[in-house]
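Breakdown of the fold
Here is how the chains run, residue by residue.
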Amino acid sequence: MRKGLQFLLILSLVVTLIAGCGGSGSQPTQQSGKEGTTSTATKDTIIIALQGEPSTLDPQFADDGNMRAVTDNVFERLLELDGKTLEPINGLATDIKSIDDVTWQLTLREGVKFHNGDPFTAEDAVFSIKRVTDPAYKSQIAGNFNTIKDAKVIDDKTIQIVTDGPDPILPKRLTRLDIVDKKYIESNPDKVATEPIGTGPYKVTKWNRGVDITIERNEDYWGNKPQIKSATYRFIQESSTRLSALKAGEIDLAVNMLPEYVSELPAYKTSDGIEFTFIRFNTLRGPMKSKLMRQAACYAVDKKALADSLYLGYANVAQGQLAKPGYFGYNDEIKAYPYDPEKAKALLKEAGYNGEVIELVSERGRWLKDGELTEAVAGMLTDAGFNIKLTFLSWQEWLDTLFNLDKAPDMMFSSNGNELFDMDRFYQALIKTGGPQSAYSNPEVDKMIDAARSEMDTEKRLQLYKDLAKIVYEDPFGLPLLNLKDIYGMSPNLEWEPRQDSRITVFEMKLK
C-alpha cells in the first residue's frame with residue numbers, strides 16, 4: 001500500500017475510534033455545554049489556550065499568529081478592520097482622505113494615551129510607520145507596507161502618508177500597522193519585545209516564559225471599556241491537553257481544536273479561516289528549480305483525501321492558489337491539480353530525476369494537524385518517486401528558515417493567512433523577487449506585481465492578478481494544499497463571535 005494513503009487510512013481509523021458516534025459536522029453555531037462542566041472564568045477573568053508561545057511581543061517585527069492573539073488586544077492601528085464586513089473603519093485616526101494619487105491625509109484621535117501615560121501624538125504615528133518600513137529593521141511584515149515612501153507630521157493631529165505610486169488599498173494596509181510609543185521605544189529598546197506599550201484596551205502585566213502571558217484591562221482606555229478585566233494566555237501545544245483543560249473547566253477558550261474532538265467540547269464555534277496550508281518550493285536552486293519537478297509534486301498529492309481523512313470536513317481543497325472567493329484577485333478559472341501519481345512519475349522521468357534527496361522542512365504544533373499533514377504529504381511524494389527527507393524544526397528555527405533565503409530547503413511546509421484579503425499581500429511576500437518569504441524569481445512576474453499594486457482601475461487590477469495566478473500555477477511557486485476552518489473550543493459561559501479575519505479579540509468577549 002502506498003505510504004501516504006496508508007498513513008491516512010491508519011489516521012482515519014484512529015479518528016473514528018476517538019470521535020465515537022458523536023459526529024463532527026461543520027456547524028457554524030455554538031454547541032451547548034455538557035452536564036457537569038464548569039468554567040474557570042470568574043465574573044471578569046478568562047484563560048485562553050494558545051498552541052504555542054509568542055516569539056516576541058513586538059507587533060511590528062514578527063509574522064506570528066501566537067503573538068497576534070495577544071498584541072491585537074494591546075496595540076491599536078490608525079484604521080481597524082471590521083470583523084464582519086472586512087472593511088476599514090476608524091481607529092486611532094478619525095478620518096482619512098486622498099489628497100492626490102500618492103498622498104493620503106489622516107486626522108488623529110485626540111485624548112488617547114499609551115499604557116505608561118504618554119500621550120499619543122502625530123510623532124508616534126509617523127515614527128511607527130517609518131519604523132516598520134525601515135529596511136534595516138527587517139520586519140517580517142514589511143511587505144504589507146512597502147508602498148509607503150514617506151510619512152510626515154502636518155500638525156498635532158494630522159499626518160500625511162506618501163506612497164511610491166498610486167496604492168488603492170493603503171487604508172486596508174493600515175489596519176495591520178500597529179502604533180507604538182516613540183519615546184518608550186527609543187528609551188527602552190531592549191524592552192520592546194517583552195514589555196510592550198500600546199494604546200489598546202488591554203496592557204501586558206506579566207510574561208512567565210514557557211508558561212503564560214497575562215493582560216489586564218486598561219482602565220484609562222479612550223474607548224468603550226470591555227467586560228473582561230483580565231485574560232491569561234497559556235501555551236498548550238497538544239490538542240488533547242487543551243481538550244482536557246476545557247472539559248475540566250481550567251480554560252475558557254482554546255484555538256485550533258481537532259475536528260474529531262468537537263463532540264466532546266463543552267461548547268464550540270467554527271468560522272471560515274484565513275489559513276491556507278501549502279508546500280513552498282525553492283525554485284532558485286537545487287532539484288526543485290525544475291518546473292517539471294514542481295508540477296510532479298502538485299500531481300503527487302491527493303488534496304481531497306487530506307481534507308476528508310485529516311480534517312473531517314473542516315477544511316477545503318485550495319483551488320491552485322492561496323485564496324478563495326471573496327479575496328480580491330482570486331481566479332475562479334483555476335482548479336487544484338488533480339491527483340495523478342502516474343503523471344507525477346512520468347514528469348519526474350522527463351525531468352531526469354535520479355532519486356536525489358529532496359529536503360522537506362516543517363514544524364509541529366503551530367497550525368491544526370500541521371505535523372500529520374506534512375507527514376502525509378511526504379508519504380504521497382515518496383509514493384510518486386520523490387526521495388523525501390522530512391525534518392521537523394522548532395518554531396523559532398522554522399521562522400528563521402522561512403525568512404532566510406540562504407537557508408531555504410527544497411520544500412518547506414507553511415501556512416499563509418492573508419489579513420488584507422487582497423492578493424497584493426501574497427504576491428509581494430511569497431512571489432516577488434526578494435519578498436520576505438519568497439523562494440521564487442521571475443522578472444516579468446515582478447513587473448506585473450508592481451503594476452497591479454499601483455493600478456487604480458479595479459477591473460484592470462483584477463485582470464492582472466488573474467493573469468498572475470495562471471503563471472504561478474503553471475510554473476508552480478509551491479503546492480497549495482488546504483484552506484482550514486477555525487475551530488474554537490469554548491466554555492459555555494463565554495460569549496464571542498469568531499471574526500472573519502481570525503483575530504482573537506478579548507475586548508469583544510463577554511461572560512454570561
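Scroll up a little and you will see the structure.
Definitions and cut-offs
- As a convention, each chain's residues are numbered from 1 in the sequence order in which they are written.
- Under the rules for a predicted model, residues below a pLDDT of 70 receive no local features and side-chain atom pairs below 80 are neither given nor counted, while totals for whole chains, interfaces and linings still include all residues.
- To get the side-chain values, all heavy atoms of the structure are used, and hydrogens and water are removed first.
- Only runs of H or I of at least four residues qualify as helices and only runs of E of at least two qualify as strands under DSSP, and these elements are numbered from the N terminus.
- Each radius of gyration is computed over the set of C-alpha atoms, and the globule rule expresses the reference value as 2.2 Å times the number of residues to the power 0.38.
- The criterion used for residue contact is that any of the two residues' heavy atoms lie within 4.5 Å.
- The Shrake-Rupley method, run with a 1.4 Å probe sphere, supplies the accessible areas, and residue values consider only the shown protein chains as cover.
- When charges are counted, neither His nor the chain ends are considered; positive counts come from Lys and Arg and negative counts from Asp and Glu.
- To locate a charge, take atom NZ for lysine, CZ for arginine, CG for aspartate or CD for glutamate.
- Stacked, edge-to-face and tilted labels apply to pairs of Phe, Tyr and Trp rings (six-membered ring for Trp) whose centres lie within 6.5 Å, assigned for plane angles under 30 degrees, over 60, and everything in between, in that order.
- Throughout this description, buried means an accessible area under 20% of the type-specific maximum (1.4 Å probe, protein chains only), exposed means over 50%, and partly exposed covers the range between.
- We call a charge positioned over a ring when the NZ of a Lys or the CZ of an Arg lies within 6 Å of the ring centre and within 35 degrees of the ring normal.
- Paired strands, in this sense, are two strands between which DSSP finds at least two bridges.
- For helices, the axis comes from a line fit to the C-alpha atoms of the stretch in contact; other axes are also lines fit to C-alpha atoms, and the angle between any two N-to-C directions lies between 0 and 180 degrees.
- Throughout this description, any angle smaller than 35 degrees is read as roughly parallel, any larger than 145 degrees as roughly antiparallel, any in the 65 to 115 degree range as roughly perpendicular, and the remainder as oblique.
- Whether a crossing is left-handed or right-handed is set by the direction in which the near helix is turned from the far one by less than a right angle, anticlockwise for left-handed and clockwise for right-handed.
- Throughout, the ten residues Ala, Val, Leu, Ile, Met, Phe, Trp, Tyr, Cys and Pro are labelled nonpolar, Asp, Glu, Lys and Arg are labelled charged, and all others, Gly among them, are labelled polar.
- Salt bridge criterion: a side-chain nitrogen from Lys or Arg within 4 Å of a carboxyl oxygen from Asp or Glu.
- It is the directions from the helix axis to the C-beta atoms that the arc portrays.

Notes on the overall build of the protein
Looking only at helices and strands, one finds 14 helices and 19 strands in the protein. Here the C-alpha atoms of the protein give a radius of gyration of 23 Å, agreeing with the 24 Å that 2.2 N^0.38 yields for 512 residues. Over its C-alpha atoms, taken along the principal directions, the protein stretches across nearly 65 × 60 × 40 Å. Within the protein, contacts between residues at least 6 apart in sequence are counted, and of these 71% link residues at least 24 apart. Total accessible area computed for the protein in this model is approximately 20,400 Å², and 48% of it derives from carbon and sulfur atoms. Put simply, the protein has 62 plus and 75 minus side-chain charges, and the middle of one group is 1 Å from the middle of the other.

Quick look at the packing of aromatic side chains
One pass over the full model with this rule turns up 18 aromatic pairs. Residues Y221 and W222 carry aromatic rings whose centres are separated by 5.2 Å and whose planes lie at 45° to one another, so their mutual orientation is tilted. What makes Y221 buried here is its relative accessible area of 16%. Ring centres of W395 and W398 lie 5.1 Å apart, and the angle between their planes is 15°; on these two criteria the pair is classed as stacked. Here W398 and W395 lie together in helix α11 (residues 395-402), a separation of 3 residues that amounts to about one turn. With relative accessibility at 17%, the residue W395 sits in the buried group. Judged by its relative accessible area of 1%, W398 is buried. What links up through ring pairs into an aromatic cluster is the set F278, F328, F426, Y427, Y465 and F477. Taking NZ or CZ as reference, R209 lies 3.8 Å from the ring centre of W207, over its face. In this arrangement the basic side chain of R364 is found over the ring face of F392, its NZ or CZ atom lying 4.1 Å from the centre.

Quick word on the sheet that holds strand β6 (residues 148-155)
In space, the 4 strands of this open sheet follow the order β4-β5-β7-β6, with antiparallel pairing throughout. In this open sheet, the two edge strands, each paired with only one partner strand, are β4 (93-100) and β6. For this sheet, the mean angle separating the axes of adjacent strands, direction not counted, is 20°. Across 6 bridges, β6 lies against strand β7 (residues 158-163) in antiparallel orientation. Among the inter-strand pairings, I148 is bridged to a residue of β7, identified as T163. Sitting on the sheet, helix α3 (residues 122-133) is in contact with β5 (103-108), β6 and β7, with an inclination near 170° to β6.

Some words on helix α8 (residues 303-311)
Counting buried residues along α8, 7 of its 9 residues qualify, which places the element largely inside the surrounding structure. Those residues of α8 that sit buried are K303, A305, L306, A307, S309, L310 and Y311.

Observations regarding the packing of helix α7 (residues 291-300) against helix α9 (residues 341-350)
In contact at an axis separation of 8 Å, α7 and α9 are set at 165° when each is read in the N-to-C sense. Viewed along their axes, α7 and α9 adopt a mutual orientation that is roughly antiparallel. Taken as a pair, α7 and α9 cross one another with a handedness that is left-handed. Here L292, M293, Q295, A296, Y299 and A300 of α7 come into contact with α9, specifically with P341, K343, A344, L347, L348 and E350. Here the residues of the contact of α7 with α9 are counted per class, giving 9 nonpolar, 1 polar and 2 charged.

A few points about the pairing of β4
Bridge count for β4 against β5 is 6 bridges, and the pairing is antiparallel. In the sheet register, I96 faces β5, and the bridge partner there is L106. If you look at the hairpin formed by β4 and β5, you'll find 2 residues sitting between the two strands.

Concerning the pattern of salt bridges
Going through the model one piece at a time under the given rule, you end up with 30 salt bridges. For K485, the salt bridge identified is with D272, shortest N-O distance 2.7 Å. A residue pair is termed long-range when its members are at least 10 positions apart, and K485 in strand β17 (residues 478-490) and D272 in strand β12 (residues 267-281) qualify at 213 residues. Residue K485 is classed as buried on the basis of its relative accessible area of 18%. The class of D272 is partly exposed, set by a relative accessible area of 38%. The salt bridge partner of R499 is D501, with a shortest N-O separation of 2.9 Å. We note that R499, like D501, is buried. Several salt bridges share partner residues, and in doing so they unite R68, D72, R77, E80, D178, R499, D501, R503 and E508 into one network.

Concerning the side chain of N331
On the secondary structure map, N331 appears in the loop between β13 (315-317) and α9. With sequence-adjacent residues up to four places away left out, N331 is seen in contact with Q321, K466, A469 and K470.

With respect to α11
Taken together, the buried positions of α11 are occupied by W395, W398, L399, T401 and L402. The buried residues of α11 occupy an angular sector of 165° when projected down its axis, which confines them to one face. Contact partners of the buried residues in α11: β12, β14 (357-363), β15 (387-393) and β16 (411-417).

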